[in-house]
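# Secondary and tertiary structure notes
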Amino acid sequence: QGLATGGAPSPCVALPSCGRAMAGAGVSDEALQSMIKSLTAVHWTCWKSHSDPTAARALGRLRGPLTELMGYIVTSVLEEMRGNPGDPQVQAMGVNMLRAMIKDSEALKRIVLAGGGVEVLVLGVQQHPTDEDLLTGALEAIDELHGLASLLQALDHLKASPPGARAGLWAFARAAKDRWAEVGALPHRETVRVILSTAHAHQDDYRVLSTALELLADLVRAIVDMRCAFSDLGGWPWLLQVMEANAHHVRIQLYGCKLLSALCRGGCLVEAHMSKTVTVLERCFVQHEAEECVLHWAFWAVQQLNGARALVNPMRNGCFKTASAMVAALKSLSAVKLGESDGACAEDMPAVADAVVHAMDMFSERFDVLYEAMAVLGHVAAFVLGSSACASVRQQLLPCVEVAVKALLHVMVTRSSDACSVQSACKALAGIIESCPEASPVRASIRAALLGGGGEGEHLLAKIIAAHVSNDSLQMALMWLNGIVVGVGPILQQMAQHSASHAVQLPAIRTLALLYGERIELEAADLASLSAALQSVLAAMRRFPENIVLQQHACYSLCAMAEHVADVPGSVSDEALSQCAVAAVEALR
């Protein structure tokens, strides 16, 4: 048309003609691949410049031809799958191609659905009921097209076949983990029924059972109504029977214990199965004491079932003969909500402390056991000191606090060269001290042990500080413990003795900031040390002028201390305050 009127040739006519000419001449595989890459390159170029009118027009011209092209590809794939239902290779490649096209593309999903894609996938599933890989791919494609409800329906249809059951459970479990909101919208009772009936049909298939247990454990942990449905549909007897019959299978025990821990959280009746559940869990402890994950969920289930005493008695009786088993037990005990769970009231704490100390004696050389044990002892002692029990009851329980304190101090003495052990003990002791009043005998006993009675000479804390002078995190824990036990004085002494050590100065400054910043009313000794504390911080700032972190914490510490100047008139000179202001300005520079 352009040539006939004497104008330029029309690109809308000339380009398609060129394309048809190339198609007629034949296109090599290499040329085809290069054109696909070129199309991708054009897409990204236009998309990055989508506000450009030329790019927008180019994308607009692609809309119709590209839709037609993708429709042609989908139609050809579906026709080949429909025409060769008995060929597993055709079906497998067709499923892979369909899944690749519909992934994250609603437009392609509509094209596949309009072309009868679901019917073709179902035909392939029916023709190859024993090909597990093909079944899994087809089911995941159906899920992409129609959602989890269709996948659950397909699982119900395929549950009689072992490959179908495995593929259906696997596909459903994989999809559910990414779309819990959609899982919650499914009929809860029907979901549990399909999974249980699938597992019932294959009691001897390890993979079906383990996948079903894992899926059920995730479901009942997330959705309370699923627990009720599980109980109503006879899930308890089935679960206990499966765990008994497969006592040596690690995965079945792992997911069985995880499912039990979720069921014991409430929402379904367990009293009728209590005794058998405890028996199953005890057998699990014995047969899988080296499997830390199994033990974790088994202990968690026991704790949910019978409270803290279900863990305390076996610990005291030496039932846990390996360090990994003891660590798992202590972790579960640490997770118990003291004062809320069964066997976790204030009166139960002496037995808990005794069992934990017994565990520390059994594995005195294992840091992992000691670490978990010290955390529990700190929680137990702090809970007793801060409990709402009457004063007479708390007084009766003080011996168990002393047991905990003695064990923690013993670790600090015997393992003083082990920074991790000392730091764990310091944190536990700090928690205990913060839970008791100033006049408490517990605080006095800790002070005496740490400072060697009168507090003169090189006491325990000073020795440990000197031995780990380069360990920042440990120094912070030691400084904080020193501060809340004795006050500001010893911290200032350490700053003076180790004035060239950044590892001592920074934790000390941070501790001073906490001691002065978090207390409205200071003790007399700390108020009297206010001027000396200001000077110590200023000295550290002058020694480490290039350390931004230290300068930052020092400024905050100076601010916290300056707020208390009015509490002791005349304790800090105007010159000292001016020095603080100058130091802050220098830090900003």
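What comes next concerns the included structure. Note that the structure is a prediction, hence the values are computed from the model and not measured.

Calculation criteria
- Residues numbered from 1 in each chain as written.
- Predicted model: local features only at pLDDT ≥ 70, side-chain atom pairs only at ≥ 80, totals over all residues.
- Heavy atoms only, no water.
- Helix = DSSP H or I, 4+ residues; strand = E, 2+ residues; numbered from the N terminus.
- Rg over C-alpha atoms; globule rule 2.2 N^0.38 Å.
- Buried < 20%, exposed > 50% of the residue type's maximum accessible area, 1.4 Å probe, protein only.
- Contact = heavy atoms within 4.5 Å.
- Areas by Shrake-Rupley, 256 points an atom, 1.4 Å probe, with all protein chains shown as cover.
- Lys, Arg positive; Asp, Glu negative; His and termini not counted.
- Charge placed at Lys NZ, Arg CZ, Asp CG, Glu CD.
- Arc of directions from axis to C-beta.
- Core = buried A, V, L, I, M, F, W, Y, C linked by side-chain atoms within 4.5 Å.
- Polar contact = N/O pair within 3.5 Å; in protein donor to acceptor, adjacent residues only side chain to side chain.
- Patch = residues over 30% accessible without salt bridge, like charges linked within 9 Å, V, L, I, M, F, W, Y side chains within 5 Å.
- Salt bridge = Lys/Arg side-chain N within 4 Å of Asp/Glu carboxyl O.
- Expected span 1.5 Å × (residues − 1).
- Axes fitted to C-alpha atoms, helices over the stretch in contact; angles between N-to-C directions.
- Parallel < 35°, antiparallel > 145°, perpendicular 65-115°, else oblique.
- Left-handed = near helix turned anticlockwise from the far one by under 90°.
- Nonpolar A, V, L, I, M, F, W, Y, C, P; charged D, E, K, R; others polar.
- Disulfide = S-S within 2.5 Å.

### A word on the overall build of the protein
Of regular secondary structure, the protein possesses 32 helices and zero strands. Here the C-alpha atoms of the protein give a radius of gyration of 36 Å, more than 25% beyond the 25 Å that 2.2 N^0.38 yields for 589 residues. With the C-alpha coordinates aligned to their principal axes, the bounding extent of the protein is approximately 105 × 75 × 35 Å. Counting across all 589 residues of the protein, residues that qualify as buried make up 47%. Counting only contacts in the protein whose residues sit at least 6 apart along the sequence, the fraction spanning at least 24 positions is 70%. For the protein, the accessible surface area stands at approximately 28,700 Å², while carbon and sulfur atoms represent 56% of it. Side-chain charges in the protein split into 44 positive and 58 negative, and the spacing between the mean points of these groups amounts to 3 Å.

### Things to note about helix H13 (residues 224-232)
Buried residues of H13: Met 226, Arg 227, Ala 229 and Phe 230, and no others. One side of H13 carries all its buried residues, which in axial view fall inside an arc of 165°. Buried residues in H13 make contact with helix H11 (188-200), helix H12 (206-222), helix H14 (235-245) and helix H15 (250-263). With its phi angle positive at about 80°, Gly 234 sits one or two positions after the end of H13.

### Section: the nonpolar core
In this structure, Trp 238, Met 315, Leu 333, Val 356 and Met 412 are the most contacted members of the largest nonpolar core, which totals 188 residues. Top element by residues in this core is helix H22 (residues 391-414). It accounts for 12 residues. Apart from residues no more than four positions distant in its own chain, Val 356 is found in contact with Met 315, Leu 330, Leu 333, Ala 373, Val 376 and Leu 377.

### Thoughts on the environment of Glu 434
Position of Glu 434 relative to the elements: it lies in helix H23 (residues 419-434). Remark: the alpha-carbon pair of Glu 434 and Ala 407, spanning 27 residues in sequence, is separated by 18 Å. Other than its neighbours up to four places away in sequence, Glu 434 contacts Trp 480 and Ile 484. Of the polar contacts made by the side chain of Glu 434, one reaches the side chain of Trp 480; its length is 3.3 Å.

### Considering a nonpolar patch on the surface
Taken together, Val 27, Leu 32, Met 35 and Ile 36 make up a surface patch of nonpolar side chains, about 320 Å² in accessible area. Given a relative accessible area of 42%, Leu 32 falls into the partly exposed group.

### Observations regarding helix H19 (residues 323-334)
Over its 12 residues, H19 runs 16 Å from end to end, which matches the ideal 16 Å to within 8%, given 1.5 Å per residue. For H19, the tally of buried residues reaches nine of 12 residues, placing the bulk of the element in the interior. Among the residues of H19, Ala 323, Ala 325, Met 326, Val 327, Ala 328, Ala 329, Leu 330, Ser 332 and Leu 333 are the ones counted as buried.

### Observations concerning the packing of helix H16 (residues 274-287) against helix H17 (residues 292-306)
Between H16 and H17, the shortest axis-to-axis distance is 10 Å and the interhelical angle comes to 155°. The angle between H16 and H17 falls in the class roughly antiparallel. For the element pair H16 and H17, the recorded crossing hand is left-handed. Between H16 and H17, the contacting residues are Met 274, Thr 277, Val 278, Leu 281, Cys 284 and Phe 285 on the first element and Val 294, Leu 295, Ala 298, Phe 299, Ala 301, Val 302, Leu 305 and Asn 306 on the second. Grouping the constituent residues of the contact of H16 with H17 by class yields 12 nonpolar, two polar and no charged.

### Examining unusual backbone geometry
Excluding glycine, residues mostly carry a negative phi; peptide bonds, for their part, are mostly trans. Although it is not a glycine, Asp 104 adopts a positive phi angle of roughly 60°. Relative to the helices and strands, Asp 104 resides in the loop between helix H4 (88-102) and helix H5 (106-114). Since its relative accessible area comes to 72%, Asp 104 is described here as exposed.

### Observations concerning the side chain of Thr 211
As for its placement among the helices and strands, Thr 211 is situated in helix H12. Among the polar contacts listed, one links the side chain of Thr 211 to the backbone oxygen of Arg 207, at a separation of 2.8 Å. Not counting residues within four places of it along the chain, the set of residues in contact with Thr 211 comprises Leu 169 and Trp 170.

### Re the state of the cysteines
Within this structure, the stated rule accounts for zero disulfides. This cysteine, Cys 293, is not joined by any disulfide, and Cys 257 carries the nearest cysteine sulfur, 11 Å off. Of all cysteine sulfurs, the one in Cys 559 lies closest to Cys 555, which takes part in no disulfide; the gap is 9.2 Å.

### Brief notes about the pattern of salt bridges
Under the defined criterion, the tally for this structure stands at 21 salt bridges. Arg 207 serves as the salt-bridge partner of Glu 132, at 2.4 Å between the closest nitrogen and oxygen. Taken together, the residues span a long stretch of sequence, with Glu 132 in helix H7 (residues 132-146) and Arg 207 in helix H12 at a distance of 75 residues. Here Lys 159 makes a salt bridge to Asp 156, at a shortest N to O gap of 2.9 Å. Within the structure, one salt-bridge network assembled from shared partners comprises Glu 132, Arg 166, Asp 205 and Arg 207.

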